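# Coordinate inspection notes
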Amino acid sequence: MNPAAPQNSPDSGGAAKPEHALTAEERAEYRRLRRDAAVRHRRVRQVGASLLLLLALLLAPAAVVAAWVQDTVSDTDRYVETVAPLASEPAVQAVVTDRITDRVVDDVDVEAVTDALAKALQDTGAPPRVVEGADALAAPLHSAVNTVVDRIVSRVVAGDAFQQAWEGANRRAHAAVLNVLTGDGEGAVRAEGGAVRLDLGEVVDQVQERLVDAGFDKAAAIPDTNRTITLFEAEELGKAQETMRLLDVLGVWLPVLTVVLAVLAVWTAPAHRVMLMMTAAGTGVMMAVLLVALAVFRRVYLDSVPPTALPPDAAAAIFDTFVRFLRDSTRTLLVVSVITALAAYLYGPGRPARAVRTTAQRWTTAAGRALGRAGVHTGSTGRRLTDHRAWATGGVIAAAALALVLWNHPTVGAVALVLGVALAVLIVLAILAAAGPADQAAQ
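Residues numbered from 1 in each chain as written. Predicted model: local features only at pLDDT ≥ 70, side-chain atom pairs only at ≥ 80, totals over all residues. Heavy atoms only, no water.

Mapping Thr279 onto the fold places it in helix 12 (residues 272-304). Of the residues examined, Thr279 reaches a relative accessible area of 7% and is grouped as buried. Other than its neighbours up to four places away in sequence, Thr279 contacts Leu53, Leu57, Ala262 and Val266. (Helix = DSSP H or I, 4+ residues; strand = E, 2+ residues; numbered from the N terminus. Buried < 20%, exposed > 50% of the residue type's maximum accessible area, 1.4 Å probe, protein only. Contact = heavy atoms within 4.5 Å.)

With that out of the way, let us pick up the side chain of Thr258. With respect to the helices and strands, the residue Thr258 is situated in helix 11 (residues 253-268). For Thr258, a relative accessible area of 10% gives the class buried. Those residues in contact with Thr258, other than ones at most four positions away along the chain, are Ala56, Leu59, Ala60 and Ala63.

Take a nonpolar patch on the surface next. There is a patch of nonpolar side chains on the surface, built from Val252, Trp253, Val256, Val260, Leu264 and Trp267 and spanning about 650 Å² of accessible area. Relative to the elements of secondary structure, Val252 occurs in the loop between helix 10 (237-249) and helix 11. Residue classification places Val252 among the partly exposed residues on the basis of a relative accessible area of 45%. (Patch = residues over 30% accessible without salt bridge, like charges linked within 9 Å, V, L, I, M, F, W, Y side chains within 5 Å. Areas by Shrake-Rupley, 256 points an atom, 1.4 Å probe, with all protein chains shown as cover. Salt bridge = Lys/Arg side-chain N within 4 Å of Asp/Glu carboxyl O.)

This part covers the environment of Val415. Following the sequence through the fold, Val415 ends up in helix 17 (residues 412-434). When its relative accessible area of 4% is taken as the criterion, Val415 is described as buried. As a C-alpha pair, Val415 and Ala401 span 14 residues in sequence and 9.6 Å in three-dimensional space.

A word on the confidence of the model for the protein. Regions with low pLDDT should not have their predicted coordinates read in detail. Mean pLDDT for the protein: 76, with 64% of residues reaching 70 or above. For the protein, helix 18 (residues 438-442) is the element with the lowest average pLDDT, namely 46, and helix 12 is the one with the highest, namely 93. (pLDDT = per-residue confidence, 0-100.)

It is worth spelling out the packing of aromatic side chains at this point. Ring pairs (aromatic) are described by centroid distance and by the angle formed between their planes. This structure, assessed with the given rule, holds 2 aromatic pairs. On the basis of an interplanar angle of 45° and a centroid distance of 5.9 Å, the ring pair of Phe297 and Phe319 is categorised as tilted. Residue Phe297 is found in helix 12, and its partner Phe319 is found in helix 13 (residues 312-346); the two are separated by 22 residues along the sequence. Owing to a relative accessible area of 3%, Phe319 belongs among the buried residues under this scheme. Centroid distance Tyr301 to Phe319: 5.5 Å. Interplanar angle 25°. Geometry classified as stacked. Of the two residues, Tyr301 sits in helix 12 while Phe319 sits in helix 13, which places them 18 residues apart along the sequence. Take Tyr301 and Phe319: they sit in the same class, and that class is buried. Three or more aromatic residues joined by ring pairs form one cluster here, namely Phe297, Tyr301 and Phe319. Stacked on the ring of Phe325, the Lys or Arg Arg78 has its end atom at 3.7 Å from the ring centre. The ring of Phe325 is capped by Arg324, whose NZ or CZ atom sits 4.3 Å from the centre of that ring. (Phe/Tyr/Trp six-rings, centres within 6.5 Å; stacked < 30°, edge-to-face > 60°. Lys NZ or Arg CZ within 6 Å of the ring centre and 35° of its normal.)

Written out as C-alpha cells, the structure is:
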C-alpha cells in the first residue's frame, strides 16, 4: 500500500473521483432551488389543510344535527327527557284540555236529554208552557255540561297522573320518534299526510272514567275514533323526513368524519397553532350559523302552523321543547370553540399574548417565591415541574378535554366548570414550580 499514490491510481482501487468545488453562483442556485422546493411543499400542505378544514366546517352543522337525532332516537331515557316537559307546559295543557273537552261535549246528546225531559213533563200532565220551556234548557244545559267537563279535564291534565301517563306513554311508544322521522309505523306520535299527530287515547280514557264517576253515564259511550291532535303541520314534512332519515344513517359516522377532517387539517398545516386557531374559530362561526338557522326555522314553523290547528304559544312551546337539547349542544360547541381559539392565540407570538403570559408568569412566580420565603419548598418536584412545564400543561389540557368528551351531554355550565378547574390546576402547578428548592427560591 502506497500512501503517496494518487486517488485515481490502481493502488487506490480507481473508484474515487475528485470532488468538484461549488462556485458561489452554483451554491446560490442550489440554495434557491431548495428554497423553492420548500415553498412548493409548504404551499401544497397549506392547500391540503385548507381543503380539509373547509370540508370539516361544511359538515360541522350537519354533524351536530345528526348526532342529536341519533342520540334522541336511540336513547329512550333521552327521548322521554326531551318530551316530558310538554306535559307541564300551560299552553300545551290548555290545548289538550280544550280538545278533549270539545270532543267529550260533542258526544253528549243534550237535545236527547231535553226531549226526554219534555216527554216526561208531558206524560205527567204538565202545562204546555212548561213542556215547551224544556226545549229552552238546551243551551244552558250544554253550557253546564261544558263547564263541568272542562273542570274535570283540567284537573286531570294539570295533575301528576297526566304527567305520569304522558311519560309512560312516551316511554312505551319510543318508536314514535322513528314514526315522525320516517313516516312509518304506529305509536303515540306519528306522521300522517304532512302532519305530526299526538294520540291522546290514554288521557281520554282517564277523563272518561272521571266523567262516569261524576254522574255522566253517557261518557262511557265516547267513541274510540279521532283521539289525536295535530302537533306539526307543514307542506315540507316529506322532505324533512328524507333529510332526517339520511341524518339518522350518518348519525354515528358523520361526527367522527368531521372530527377526523379537522384533526387532519391541523396536522397537515405547516403552522399547527395557526390552523388550530382557524379551525376553532371556523367551528364557532358554523355553530353561530346553526343557531341562526334554528331561529329562522322556528319562525317559519310558527308561521306555517294555522292558529286553528295549534295556538301560537303552544306551537312555540312544542318547538322549543323538542330542539332544546340541540340548541344546548350547539351553544356548548360554540363556547368550546371560542375557548380553544383564544387558548391557541395566547400561545402565539402576538404582543397581547406575550403580555398575558408574562403577567401570569410574574404573578405565579411571586406567589411561589412567597411560599419559599415562608419556608415552603417543593424541592425536586418543583424542579421537575419547571423542567417539564410544557408536558405538565399539555397533560392538564388533555385531561380537561377528556373530561368533556366523557361528560354525558355537557352544557355551557359544564364547560365553564371544567375550564375553571383546569385553570386552577395550571396556576397551582406554576406556583409549585416557582416554589422550588431553597437556593432557587432565594435567587
